[in-house]
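One letter stands for each residue in the lines below.
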2 protein chains.
Amino acid sequence: MRWDSLEQEQCSVARTVAVIGDRWSLLILRDCFLRVRRFEEFQSRLGVTRHILADRLKKLVRFGVLRRAPYQVNPTRHEYILTQKGLDLYPVVMAIVHWGDTHMVDERGRPLLHEHKRCGKMFDPVLVCSECGEPIVAKEVHVHAGPGAAEGAAEGLAAREAARAK
Amino acid sequence: MRWDSLEQEQCSVARTVAVIGDRWSLLILRDCFLRVRRFEEFQSRLGVTRHILADRLKKLVRFGVLRRAPYQVNPTRHEYILTQKGLDLYPVVMAIVHWGDTHMVDERGRPLLHEHKRCGKMFDPVLVCSECGEPIVAKEVHVHAGPGAAEGAAEGLAAREAARAK
DNA sequence: TTCAATGGTTCTATTTAGGAACCTTTTGGT
DNA sequence: ACCAAAAGGTTCCTAAATAGAACCATTGAA
């Protein structure tokens, strides 16, 4: 499967993976949320080759996750800044951080702590239901075909649910 | 950077990316949460080559995200089932789905809807603070070095914060 | 005049992925 | 007894992506 066919899939995961589903894009985004903005700083922090960094930054700009803004002229220099679409990836990044903190840390413990300025406390991110506010676990979620579902998708889901139930 | 050096980084994002940071692993996980369990079914749904699928399933088992359980003998056949560590990736997958639903859908709308069995309503996932329960946005979070921080990491953060403030 | 800083691009060698064929075990049909 | 099919891979060869290093352009400072 080509990368460019990924973004044409009907699945929201596949389309998001087309944007952030490679090794470097997610690490670049992590750094963006840590206020990194310039080519050289990404490059030295990440250890990625300049070639690939240039390519990924272009891709993130093309998808509207970052915008390239000049911060000086003579010579013109740009920095890469999160758009609102990019800022909206924060839950994804935080969910990844939290899973890593929970399941992948070594004996020294987590590398970063997060303070919620609003309440002043160190926190963990929790995913809750927009309707009832309770934390969401996989087993309490039921999937339905939506308006953009592919033909046959609903049937496939139903068949698998039935098979599992019997 | 090799994949195997990624999982040795001190950053939780980098370590998580070592597990799920490629095109296929995330799509395999999506299917796991849709109750897909068998090699052939992953293969036909994803369109991934059998070679790569075998490799990714092995990797996910090695990291403890999936376990390989026999479901018949003569001949022995296995299926791949999410462990608790794997189930804990649900917030990551849901955050990705939600971002895709918000920013990457075409005119037909989102492909799947999610019902929270507990409250019976269709919902969106929301990331909230574990301490005060308010939704988390990037600008209201302040980062501190944790016990597992690399030498110099705190200084780097402080320098960037200072540069941004002036 | 030459150097350094920033932000890239270009080159080749390696690694990874894609595509197709093949293998193994066992059941089921003829 | 023989052949095909199903499930779950493995092996092979080719194509694409990545790493690593060198190079280029613009400008200001020494």
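Here, residues in each chain are numbered from 1, in the same order as that chain's written sequence. Note on labels: chains are lettered from A, ligands numbered from 1, in written order. In view of the model being predicted, local features appear only for residues whose pLDDT reaches at least 70, and side-chain atom pairs are presented and counted only at 80 or more, with totals across whole chains, interfaces and linings using the full set of residues. The basis for every side-chain value is the complete set of non-hydrogen atoms in the structure, without hydrogens or water.

This brings us to the sheet that holds strand β3 (residues 112–116) of chain A. Spatial ordering of the open sheet is given by β4(A)-β3(A)-β6(B), a layout of three strands whose pairing is antiparallel. The open sheet has two edge strands with one neighbour each: β4 (121–122) of chain A together with β6 (141–145) of chain B. Taken together, the two bridges between β3 of chain A and β4 of chain A define a ladder with antiparallel strand orientation. Note that in β4 of chain A the partner of Glu115 of chain A across the bridge is Met122 of chain A. Here, any two strands with at least 2 DSSP bridges between them count as paired. Note on conventions: DSSP H or I runs of at least 4 residues are helices, E runs of at least 2 residues are strands, and numbering of each starts at the N terminus.

The residue His144 of chain A is located in strand β6 (residues 141–145) in this model. Only heavy atoms matter for contacts: two residues are in contact if any of them lie within 4.5 Å across the pair. The contact partners of His144 of chain A, leaving out residues within four places of it in the chain, are Pro111, Leu112, Leu113, Glu115 and Met122 of chain B.

Ordered by their spatial adjacency, three strands build an open sheet running β6(A)-β3(B)-β4(B), and the pairing between neighbours is antiparallel. Unpaired on one side and paired on the other, β6 of chain A together with β4 (121–122) of chain B mark the two borders of the sheet.

The next subject is the relation of the copies chain B and chain A. Copies overlap after least-squares fitting; the atoms used are the C-alpha atoms of residues with pLDDT of at least 70 in both. With an RMSD of 0.0 Å, chain B superimposes on chain A once it is rotated by 180° and translated 0.0 Å along the axis. Here the transformation between the copies is reduced to the relation of a two-fold axis. Comparing contact sets, 100% of the residues at the interface of chain B also lie at the interface in chain A, consistent with an isologous, same-surface contact.

A word on the nonpolar core. The biggest cluster of nonpolar side chains holds 87 residues, and the ones touching the most others in it are Phe42 and Val65 of chain A together with Phe42 and Val65 of chain B. Annotation comment: domain bounds sourced from an automatic or database domain assignment. Mapped onto the domain boundaries, this core takes at least three residues apiece from domain 1 (3–88) and domain 2 (126–166) of chain A. In contact with Phe42 of chain A, not counting residues within four places along its chain, are Ile28, Asp31, Cys32, Val36, Arg37, Gly47, Leu53, Leu57 and Tyr80 of chain A. What is meant by a nonpolar core is a set of buried Ala, Val, Leu, Ile, Met, Phe, Trp, Tyr and Cys residues, joined one to another through side-chain atoms within 4.5 Å. Whether a residue is buried, partly exposed or exposed follows from its accessible area with a 1.4 Å probe, protein chains only, as a fraction of its type maximum: under 20%, in between, or over 50%, in that order.

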